[in-house]
Amino acid sequence: MRAADLFEEQVPAGRVAVWLGVSAKSAYQWQRTWRREGRGGLRSRGPSGGRCRLDGRRVERLRAELKRGPAAHGWVEDQRWTLPRVAVLIGRLFHVRYTERGVSYLLHRMGWSPQMPVHRAVERDEAAVAVWREETWPRLR
């Protein structure tokens, strides 16, 4: 809308580009739109791209299923959600196909982030580790 204000003040598109820190091409395109449609033509039309194929209810169900873990869905080798696994899960639950990139975008919108898993033995005994750190490690050091 700042560009529209400047166009109304007869500021050239090239100068608008410099002042607003955008490309000249964008400023000239905005000026053409402003001349054709007025200020309303420069109003945001919302996010670009296609709509999410999962509605809010389905996203919440996916969140719940992801929290159950991979083993609950047949991946018992490890407890990691990978993009291909999540894509398969979405297909099984909702009969909707997602690419790995699409799964990545979806998980990001859901607040999930990629993380490297901490490798720990299933048999790990936290109490024994604590005792070792307190008693054995200081002697070895």
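Residues numbered from 1 in each chain as written. Predicted model: local features only at pLDDT ≥ 70, side-chain atom pairs only at ≥ 80, totals over all residues. Heavy atoms only, no water.

Describing helix H4 (residues 56–68)
Next, step 1: Look at H4: 19 Å from first C-alpha to last across 13 residues, which is about the 18 Å you get at 1.5 Å a residue.
Next, step 2: Listing the buried residues of H4 in full gives Val59, Leu62, Arg63, Glu65 and Leu66. Projection of H4 onto a plane perpendicular to its axis shows the buried side chains occupying an angular sector of 170°, all on one side. Turned more than 90 degrees away from the buried face of H4 sit Arg57, Lys67 and Arg68, all of them exposed.
Next, step 3: Its buried side turned inward, H4 meets helix H5 (83–94) and helix H6 (100–109). (Helix = DSSP H or I, 4+ residues; strand = E, 2+ residues; numbered from the N terminus. Expected span 1.5 Å × (residues − 1). Buried < 20%, exposed > 50% of the residue type's maximum accessible area, 1.4 Å probe, protein only. Arc of directions from axis to C-beta. Contact = heavy atoms within 4.5 Å.)

Some thoughts on the nonpolar core
One broad trend across soluble globular proteins is that nonpolar side chains are buried collectively.
Next, step 1: One finds Leu54, Leu62, Ile90 and Leu106 to be the most contacted residues of the largest nonpolar core, which totals 16 residues.
Next, step 2: It is H5 that contributes the most residues to this core, 6 residues altogether.
Next, step 3: Those residues in contact with Leu62, other than ones at most four positions away along the chain, are Leu54, Leu89, Ile90, Leu93, Phe94, Leu106 and Met110.
Next, step 4: Counting 11 residues, the second largest nonpolar core, distinct from the first, contains Ala3, Val11, Val16 and Ala17. (Core = buried A, V, L, I, M, F, W, Y, C linked by side-chain atoms within 4.5 Å.)

Brief notes about the environment of Arg35
Next, step 1: When you line up the elements, Arg35 lands in helix H3 (residues 24–37).
Next, step 2: Here Arg35 falls in the exposed class, since its relative accessible area comes to 60%.

Here we look at the confidence of the model for the protein
Next, step 1: Scored by pLDDT, the protein comes out at a mean of 90, with 97% of its residues at no less than 70.
Next, step 2: Within the protein, H5 carries the highest mean pLDDT (96), whereas helix H7 (residues 126–140) carries the lowest (90). (pLDDT = per-residue confidence, 0-100.)

Things to note about H6
Think of an α-helix as turning once every 3.6 residues; residues three or four places apart then point the same way.
Next, step 1: Within the sequence span of H6, burial applies to Gly102, Val103, Leu106 and Leu107. For H6, the angular spread of buried residues about the axis comes to 135°, placing them on one side. Seen from the buried face of H6, the exposed residues on the opposite side, beyond 90 degrees, are Arg101, His108 and Arg109.
Next, step 2: Here the buried face of H6 lies against H4 and H5.

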